[in-house]
Each structure stands twice: as structure tokens, then as C-alpha cells.
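Summary of structural features
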Amino acid sequence: MTQSVVVQVGQCGNQIGCCFWDLALREHATVNQKGIYDEAISSFFRNVDTRVVGDGSSISKGIIRSLKARAVLVDMEEGVVNEILQGPLRDVFDSKQLITDISGSGNNWAMGHKVFGSLYREQILEKLRKSAEHCDCLQCFFIIHSMGGGTGSGFGTFLLKVLEDEFPEVYRFVTAVYPSSEDDVITSPYNSLLAMKELNEHADCVLPVDNQSLFDIISKIDLVVSSGKLGPLVKPDSLVTSGARAFKKQHKKPFDAMNNIVANLLLHLTSSARFEGSLNMDLNEISMNLVPFPQLHYLVSSLMPLYTLADVNIPPRRLDQMFSDAFSKDHQLIQADPKHSLYLACALMVRGNVQISDLRRNIERLKPSLQFVSWNQEGWKTSLCSVPPVGHSHSLLALANNTCVKPTFIELRERFMRLYKKKAHLHHYLQVEGMEESCFTEAVSSLSALIEEYDQLDATKSVPVESVPRLSVAV
Amino acid sequence: MSIVTVQLGQCGNQIGFEVFDALFTDSQCSQGLCSKRENGAYQASCRERFFREENGVPIARAVLVDMEPKVINHMLSKAAQSGQWKYGQHAYFCQKQGSGNNWAYGYSVHGPKHKESIMNLIQKEVEKCDSLNGFFIIMSMAGGTGSGLGAFLTQQLQDHYSNALKMNQIIWPYGTGEVIVQNYNSILTLSHLYRSSDALLVHENDAIHKICAKLMNIKQISFRDLNQVLAHQLGSVFQPTYSGEGSCHYRRNPLGDLMENLVPHPEFKMLGVRNIPQMSENSLPYSAFTWAGLLKHLRQMLISHAKMEEGIDWQVQPPLPGLPPLGKMSLTREQRFNTSLANLVILRGRDVQSANLEGFKDPALYTSWLGPAEAFSAWKTQRAFTGYERSAALVSNSQFFLKPLDRIVGKAWDMFASKAYIHQYTKFGIEEEDFLDSFTLLEQVVASYRNL
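Residue indices follow the written sequence of each chain, beginning from 1 at its first position. Just so you know, chain letters begin at A and ligand numbers begin at 1, following the order they were written in. Given that the model is predicted, a residue must reach a pLDDT of at least 70 before its local features are reported, and side-chain atom pairs must reach 80 or more before they are shown or counted; all residues, however, enter totals for whole chains, interfaces and linings. For the side-chain quantities, the full set of heavy atoms in the structure was used; hydrogens and water were omitted.

Our working rule: UniProt positions are given in the numbering used here, feature names are shortened, and annotations may be inferred rather than shown by experiment.
Labelled according to an unreviewed UniProt entry, chain B appears under the name Tubulin delta chain, originating from Fukomys damarensis. Annotation of chain B in UniProt includes, under Function (unreviewed entry), the sentence "Acts as a positive regulator of hedgehog signaling and regulates ciliary function." As stated in UniProt under Sequence similarities (unreviewed entry), the record for chain B gives "Belongs to the tubulin family."

Going by an unreviewed UniProt entry, chain A carries the name Tubulin epsilon chain and comes from Fukomys damarensis. Its UniProt record gives chain A the following Subcellular location (unreviewed entry) comment, quoted word for word: "Cytoplasm, Cytoskeleton, Microtubule organizing center, Centrosome".

Dropping the structure here:
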């Protein structure tokens, strides 16, 4: 069994990260009734005897004493991290595994990447090494940050290069929150574009999410829950937006609900690696199956169901509905329409009481309406994990490597060009040491090259591809 | 003589458990429909072949290998909990991180790294056999450990135990993916095994799935269901059968006999299994079969490429003698009729000696260069298998896998032409030439089978 370390950077990254740890604790508490520290828990948590002074010596077996998250928290302002450390999760975090500053990055990627990067390089390396040392077999870093700000975007992507150099064999999975079109940070296009170049070059896998989509999903849930039609039947705790006990009270803000969706995404992604099932899927299989070419590593995700009806006798039709919904554009975590674009590869990760025949039936059913690239006509990766998420009898995570990410990138480039042409706010960036105009032009080229790759694949949609003749052998 | 089983990866280990369970349960079965003495001899033979004893508890002669611990832990505890039989206490090898569905990782990284530890484990198990018949290696083709590490280990077994036979039980994945790179992993596995294994016993997930759906009437089919059907089929092949001396005397060299009967030529190593009847436990008491009926169906299943006894195409008939050879006949005819290289029919149950096997000795079933006298063999025992009054199994080296192999090579080739995913393999030392070598070998195999 392997371990993963979560690195949460910036305000967004830390808020999502916080929700993640909350839900992870709840999930393990539900599954692990005996309070024994097992391998599943060890993937994200250390077992520590806090009575022992010093490093908090890790205990590898036996009863759970005190669980410490395998996390590193980074923010260039103190507000968010302090709130976390004073909140109900304070004991879960190792107080030494965080880096904060006071001044913040001012929504400036260059500040986050160049200034804070060089300032905190040694420190962050030390924290990361410490985290790695506490792991038996470290498999993956999960980095969470937003694209539009300064710290998450700048420092978060700076970290990618550090991780690549220092831990080349460990996967780097990035959960990146892309700015919506009504984003209120003026410089978000600059920050996002500059960050994209880093993601292109140094991330193994990126799971893009955007606030608009998350918001739409919450609205959908709210509509159902409050409409009264199904209201009383909806199980509490079963909303994909539900937080655990710790955060129940603060649920008024939409951001909490949105963050919970992303947190659930990460939990689901790792479920088959942590828990047993009849067809396991480890994290290294995600990259192997879903990344056919190194640069094309952006995966569109959708998580189902959004809520569970309290009626326990869920007929197969509802199970199948879950599969159908997973492919609809309304349920993706970014603004994307996979059904009308081209699939390079698709993974279906199922949890709970679902068997191989259910999976196959749905694949057969949905396949005709989906377009797959010519060389991967049956490009499905599947996994079955026996342990369902809290509050559900089954759930599904669909990960698609699909050209439907293209519009997001094209729009990003357009918004960037609109600002850049006017040189608006550019001086804030150029005055930072190490920043030149070439940084911007290179970033644009990088994104354009990526878009071009998707374009070429899309072009194959309508044109039948000539197959290369097979080898002929003399008998 | 004993067989040592090596269970590899999630698939290999999950199936392996079901196989040992099926073998054991059958050996304990009280409805043997034969004399006590007969039953005793059968049981003793099965036990010696697949189990050894430690403090009165039967221990499976198996080595469990996986690169991550979850599945092995589960199988070890399942066996221990059954109270019937167990796996050896230290007979497993585990690592922390799996092979990531990457054949190259299983073959080039895990293989060399853990070669010594795994071979040591196998050696320990071999030493506990009075005499070793050979190895039965259970693995999937689609994943990373079973396929890649499996290919590597089979080669090691070839080098270290050159006198022992090796049969690889390989699982052909569902056509619509379980793993996206399954075609790559499959062709790499097949080409390597073709060089180092003695015989490949193939089971297709799609076929077994249909059996579960149509014959067993299972509504929500799980992998456990698939594995149990598979285990049943394997049991019907590997449980003891009479040696030349007949009643109460059981064959001592099953693997050797299998190879001798079914693999007359190294170019043709792919064996398929058909088993009849196969039904849910509820239906069993209400059915009665005659040998004539069973064998008629089994024969038709053989010649018409049927995977199970439902939906058999009775139109397919062998070509009449005197007509031009198959190659010149109409295309549809050629594709529908399954030409065999060699066949083995295994009969278990009541009045087994009265069964008429003439249908299988028809020369029209076989390729021109090997007549039925050499190509066909039959094994028998009166002792019934898992409570079926009469049951028949067919192990066939024929064109069963021509189409599936052709399909997999074609799909892998298309993907290879686009270079998709290749970087994942070259990262660990499997280069494009290795792929090309595999393609070349397999196109050769396809051509050979096509021209049978």
C-alpha cells in the first residue's frame, strides 16, 4: 500500500484541502470501526503518539492514537491557514508542516512563483522531505491550488518543478481551479496562462475544475432538495456537497459546498487504491491509461450521484441513470461537453455495490453515443471498489481525456490576449526580478501548442483514418 | 506427481483461490457416484497433486505473488476462514506499489528486482513436492503484474526448471476494455510466453460472462461469479482421471500427458476449454443427460466455435471428403468451421466406459497433417465431478482463438501506429523494436492457425 501527500497552496488550495481532510476523516471513521490503524488510513494519515515529545513518533500499527494528515500547507498570507489551525481540524495538522508569510502575493503569479519561490525554496523542500520520510512508499503528491490568484497559481506551480527534481519517481497530480468567466480577479488570465505552462511541463496529471460548474451543480442540488418534491427523501450527509460533522454549522457559504465537491473528487479518485475491490485501480494506473501522449494530461471529471434518495430499494434503473448523468455536460466539473467532443480515453471508477455486469451493461449502452479516437475505439478503463462513500450505496467517478477541454483553454488564451494587447497591469509582473516579456510569450506558445494538439485530434473526428497495413509474414 | 501453482496479480490470485476451493470441494464431495474405494483413490490423487499437509490441514501448493498487498491479504484470509484448506503461511510475495497496468514495469522493473525472492519461494514449494510435475501459472494479459511479471517469471522458470513443464492459464480480457492499454499488454505477454511456456490455456472473460448470464442465470454478475465458472472448468480438466490401468488408478503425469496430446508442434500452443453441462446449482437436480447427448453437443461446440451449449450453430458441418481443401472453399464456410490440430475429451461420471467417442475421431475435424489417431485422446473416470452425474470437458488446440488473436493484434497495431501510450513503455526499457518483434511473432501464429 502506498502513501500520498497533499500539498495545499494558497487560499483556494487550503480551503479545498481542509474540506478534503474533513471528509477523509469521516470516511475512514465510517469504514474503520475498530479504531485500528490500518494500511488504508495510512495512505493519507500518520498515526502519532503525541505524548512523546519531539517529532511525534509515528506508530505503524495498533490502535489509532492521533491521526496526522500527510499534508503540507502553504500560503503567503496567514488568514486562511490560521483559521484552519484554530478550527476543529487543528489537531489533524502537524504544526510544523506549514509555510506562511504575511504579505500575500497580491494576485500576482510572478510574486508567488519568483519571489516566494526563491525565498521559501529551502524551507518547502525541507517540509516535503520530512513528509516523504514519514512514508513507507510514497506514490503521489496531490497539489491543490487555484489558477487565477498569485500564491496558489505562482507558488503552486513553482512547487511542481521542485517536486519533479527532488522526487522524480513520485506522481504529481494537480487539482487546479480555473477562473470562471465572471472571475473578479482582473489579472487571473495572466496568472492562469503562466501557470498553464508549468502544468504542461511538470505535472503528470491535471484535474481542472471551475467555480461556475461547481456552482451550477450546487444550484441543481439545492433545487431538488428545496423543491420539496424529493426533499424529505434525500438522505442527509448524502449530498456530494455535504461536509462532515465538523463543518456542519458553517455550511451557509456556497464555497464550502463547492469545495466539498472537489474534496469528494479526490477521495473517490484514491478509493480504489485505499480500499479493496474486485478490480482495483491504483494511482499509477490513472496516468498509464489516461495519458496517451505526455502533454495531453488534462482530465475532465464528473462525480455521481449528487445526492441519494433515502429509499433503500434502488432499482437498477437509477444505477444506470447515474452512468448516463456522468456523461452529460451538466455534471462535469468544468464547462465542457464530452459527449459532443472526441474521447481519447475514459475511466469509470465505481464504488459500492456495483458488479462487473452493471458496468458492462452501461458501457455497451452508452458507447454508441460517444465518439472515441480511431486508435482507441474501446478505450475504457474500469475499476470496482467495494467500499461506497459515506451516505451512498454506490457512486461513480468518470475521468475523461477528451478534447472538450479545448474551449476552456481557448477562452483562457483569448482573455489573456485581451489584457496583454493593452499591456494592462503588465508592469506589476515585469518589475519582479526574473520576469521578462518572454515569459509571457513562451507561455502563450505553450498553450497554443497544446490547443493545436487537440485541434489535430478533433480533425480526425469526421475524416475516416486510414489504418496502417499490418505486417505480413511468410508462412 | 504434484503441480505447483503460481498466482500472479489481482486476477491470478482471485482466480487461484477459486480454483483451489473448487478442487478441494469436489474432492470432498460425497456424491461421487462410485465406490468408496474409487472415491478414496480420486481424493488421494487430487490431494497429492494440488495440496500438501501441515498439522492435518491441507495446504495449497501455491505461491501468491502481487506487487501490492490488498488482494493477497484478502485471499489468504478467505482461505484461512474457510476452515477447509489454507495457503502456506509464508508462501506469498508482496510489494507496496503495483505495476500500474504497465507491462514494461512488471517485466523490466519488478521482474529483475524481485526475481530472487520469488524464485526462492517457488523453490521452497517445489521442495515440498515428492516429485514435481510442473507449474501452473495463473495470470491476466491486460494488467501489469500478471502480464509483465508473469512473462518474466515464466522465462525464469524455463531457465531454472528446464525439466518441469509450464502451463500458463491466461485470461483474455473483455473486448470492451477493462484496461485501455490491454491490447499492448496482451501482445507483449503472448509473444513472450510463446517463447518460454509449454502451453497456454486461454479463458476469455466475454465467454465466461455469457455463460454466467445465459446458463447460470446470474442477474448481477460479479468477478467472483466469473472466477467460479472458470474454476469449475479448470477443475473438470485437472481433477484426476484414470491412467492406463483403469479404475482406482489415476494418471500421474497430467501436465505431461496434456502437452503430449495437445501440443504436437511448438507453433501451436493455444488451448481452449469447453465444459458441458454447466448450470446453476438449483437446476442441477432436475437435469439428466446421456453421454450421447452431451458428446453430440460438445462436438458441435467444437466445430462451430461455440463457447457454451446454448445458441450452438448446428448448420456448421465439417467439409465433405473429396471436396477441395478448405482454403479454396467459400469464405463463410471456412470461417465458421473450426479445424482442430488436437483434441482431448475428458469424461467424468456414470457409465463412462459406455460413451461413444467416434464423432471426435472423424478425420474431417482435423488438419491434414495429423490424423485422429495422433490428434485425439480421451481421459475418463467414473467418479462424478461436483455432483454432475455426467460431465464432459474438451481441451482443444484448434482455431478457437484465431479470431480473438487476430482482433487483438489488429487493435494493438492501430494504436501502435498512432504511437499512443508508447512513452509509458519506453520509460521502462520496452522499445518500439520490442513491440515490432511481438507483432511479427504473433502475425506468424495467426497465419499458422489460419492455415490449419
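Still more ground to cover, so stick around.
1. A closer look at the sheet that holds strand β2 (residues 51-54) of chain B
Residues and elements named next belong to chain B. Keep this limit in mind: When DSSP finds at least two bridges between two strands, those strands are taken to pair. Segments assigned H or I by DSSP are reported as helices when at least four residues long, segments assigned E as strands when at least two residues long, and all are numbered from the N terminus. Here, residues are in contact when the closest pair of their heavy atoms is within 4.5 Å. Helix axes are fitted only over the stretch in contact, all axes being lines through C-alpha atoms; the angle between N-to-C directions runs from 0 to 180 degrees.
In space, the three strands of this open sheet follow the order β2-β3-β5, with mixed pairing throughout. Single-partner strands in this sheet number two, and they are β2 and β5 (86-87). When β2 meets strand β3 (residues 57-60), the two strands line up antiparallel, connected through four bridges. Bridging from a neighbouring strand, Phe51 pairs with Ala60 of β3. The sheet contacts of helix α2 (residues 36-50) involve β2 and β3, and relative to β2 the element is tilted by about 85 degrees.

2. Examining the UniProt feature "domain: Tubulin/FtsZ GTPase" (unreviewed entry) in chain B
Cross-referencing UniProt, the feature "domain: Tubulin/FtsZ GTPase" (unreviewed entry) maps to residues 47-246 of chain B in the present numbering. Overall, residues 47-246 of chain B shows 50% helix and 20% strand. The separation of its end C-alpha atoms is 19 Å.

3. Brief notes about the interface of chain B and chain A
Frequently, the measure chosen for interface size is the accessible area that the parts lose on association. Put simply, the rule is: Here's the idea: put two parts together, see how much 1.4 Å probe accessible area each one loses, and the total over both is what we call buried area. Every case where a carboxyl oxygen of Asp or Glu lies within 4 Å of a side-chain nitrogen of Lys or Arg is listed as a salt bridge. Pairs of N or O atoms within 3.5 Å make up the polar contacts considered here, provided that, within protein, one atom can donate a hydrogen while the other can accept it, and that residues adjacent in sequence are counted only when both atoms are side-chain atoms. Residues are grouped as follows: Ala, Val, Leu, Ile, Met, Phe, Trp, Tyr, Cys and Pro are nonpolar; Asp, Glu, Lys and Arg are charged; every other residue, Gly included, is polar.
At the interface, 53 residues of chain B touch 55 residues of chain A. Each partner contributes to the roughly 4,400 Å² buried at the junction of chain B and chain A, and carbon and sulfur atoms together form 54% of this total. For the pair chain B and chain A, the interface holds five salt bridges. Counting the contacts that link chain B with chain A gives 30 residue pairs in polar contact (both at pLDDT 80 or more). Breaking the side of chain B that touches chain A down by element, the ones donating at least two residues are α1 (9-28), α3 (69-82), α7 (205-215), α8 (223-238), α13 (402-417), α14 (422-426) and α15 (432-450) of chain B. Here the side of chain B that touches chain A is composed, by residue class, of 19 nonpolar, 23 polar and 11 charged.

4. What to know about the pairing of strand β7 (residues 132-140) of chain B
Residue and element names in this part refer to chain B. The following threshold applies: Summary of the burial criterion: residues with accessible area below 20% of their type's maximum are buried, those above 50% are exposed, and those between are partly exposed, where the area comes from a 1.4 Å probe applied to protein chains only. Note on handedness: a clockwise path from strand one over the helix to strand two, with the strands aimed away from the viewer, defines a right-handed crossover.
Among the nine residues that make up β7, eight are buried, leaving the element largely enclosed by the rest of the structure. Pairing of strand β1 (residues 2-8) with β7 involves six bridges; the strand directions are parallel. In the sheet register, Val4 faces β7, and the bridge partner there is Phe135. Pairing geometry for β7 and strand β8 (residues 165-172), over seven bridges, is parallel. Of the residues in β8, the one forming a bridge with Gly134 is Leu165. Crossover β7 to β8 through helix α5 (residues 145-160) is right-handed.

5. Points about the domain arrangement of chain A
Residue and element names in this part refer to chain A. Spelled out, the test is: For the domains described, the bounds stem from an automatic or database domain assignment.
One can read the domain layout of chain A as domain 1 (302-404) and domain 2 (407-460). One C-alpha centre belongs to domain 1, the other to domain 2; they are set 33 Å apart. With nine residues of domain 1 at the interface, the matching set in domain 2 holds six residues. Approximately 570 Å² of surface area, both sides summed, lies buried where domain 1 meets domain 2, with 60% of it carried by carbon and sulfur atoms. On inspection of domain 1 and its partner domain 2, the count reaches zero salt bridges. Inspection of the domain 1/domain 2 interface yields one residue pair in polar contact (both at pLDDT 80 or more). Those elements that place two or more of their residues in the side of domain 1 that touches domain 2 are β10 (342-352) and β13 (394-402). Per-class residue counts for the side of domain 1 that touches domain 2 are five nonpolar, four polar and no charged.

6. Examining the sheet that holds strand β6 (residues 92-94) of chain B
Residues and elements named next belong to chain B. With mixed pairing, the 10 strands of this open sheet are ordered in space as β6-β4-β1-β7-β8-β9-β10-β13-β11-β12. Because the sheet does not close on itself, it has two edges, and the strands there are β6 and β12 (376-381). Across the sheet, the mean angle separating the axes of adjacent strands is 20 degrees when strand polarity is ignored. Relative to β12, strand β11 (residues 340-349) runs parallel, the two sharing six bridges. Across the sheet, Arg348 pairs through a bridge with Thr381, a residue of β12.

7. Describing the packing of α1(B) against α3(B)
Residues and elements named next belong to chain B. The test is simple: For this classification, under 35 degrees means roughly parallel, over 145 means roughly antiparallel, 65 to 115 means roughly perpendicular, and everything else is oblique.
One can describe the packing of α1 onto α3 by two numbers: an axis separation of 9 Å at closest approach and a directional angle of 5 degrees. Classified by the angle between their axes, α1 and α3 sit roughly parallel to one another. In contact with Gln10, Asn13, Gln14, Phe17 and Glu18 of α1, α3 contributes Val71, Ile72, Met75, Lys78 and Ala79. For the contact of α1 with α3, the per-class residue count stands at five nonpolar, three polar and two charged.

8. Quick look at helix α9 (residues 254-262) of chain B
Most of α9(B) sits inside the fold, with eight of its nine residues counted as buried. Buried residues of α9(B): B:Pro254, B:Leu255, B:Gly256, B:Asp257, B:Leu258, B:Met259, B:Asn261 and B:Leu262, and no others.

9. Digging into the pairing of β8(B)
Residues and elements named next belong to chain B. Of all eight residues that make up β8, seven are buried, and the element is covered over most of its length. Bridging between β8 and strand β9 (residues 199-204) involves six bridges; their strand directions are parallel. Bridge assignment links Trp172 to a residue of β9, and that residue is Glu204.

10. Comments concerning the confidence of the model for chain A
All names here are of chain A. Stated formally: As a per-residue measure, pLDDT reflects the predictor's confidence and takes values from 0 up to 100.
Mean pLDDT over chain A stands at 87; residues scoring 70 or higher make up 90%. Counting interchain partners and residues more than four positions distant, the pLDDT-below-50 stretch residues 245-252 has 14 contacts. Every residue in residues 310-314 is under pLDDT 50, and counting partners more than four places away or in other chains gives four contacts.

11. Focus: the side chain of A:Arg360
For A:Arg360, the position within the fold is in helix α11 (residues 356-366). Apart from the residues lying within four places of it in its own chain, the contact partners of A:Arg360 are B:Tyr174, B:Thr176, B:Asp206 and B:His209.

12. Considerations on the environment of B:Gln89
With respect to the element layout, B:Gln89 can be found in the loop between β5 and β6. Remark: the alpha-carbon pair of B:Gln89 and B:Leu76, spanning 13 residues in sequence, is separated by 8.6 Å.

13. Observations regarding empty space enclosed by the protein
Using a probe with the size of a water molecule, rolled over the atoms, empty space left in the structure can be pinpointed. Condition: Space inside and on the surface of the protein is sampled on a 1 Å grid over the protein atoms alone, with a cavity defined as a set of points where a 1.4 Å probe fits but cannot get out and a pocket as an open set with protein on both sides within 12 Å along at least 5 of 7 lines; lining residues have an atom within 4 Å of a point. Grid points are joined across faces, edges and corners, and a volume is the space filled by probe spheres set on the points.
What the rule picks out here adds up to nine cavities of 30 Å³ or more. Computed from the structure, the largest cavity encloses a volume of approximately 500 Å³. Taken together, 33 residues make up the lining of the largest cavity; nearest its centre are A:Leu279, B:Gln10, B:Cys11, B:Ser140 and B:Gly143. Looking at the lining of the largest cavity, the elements that each hand over two or more residues are β12 (380-385) of chain A together with α1, α5 and α8 of chain B.

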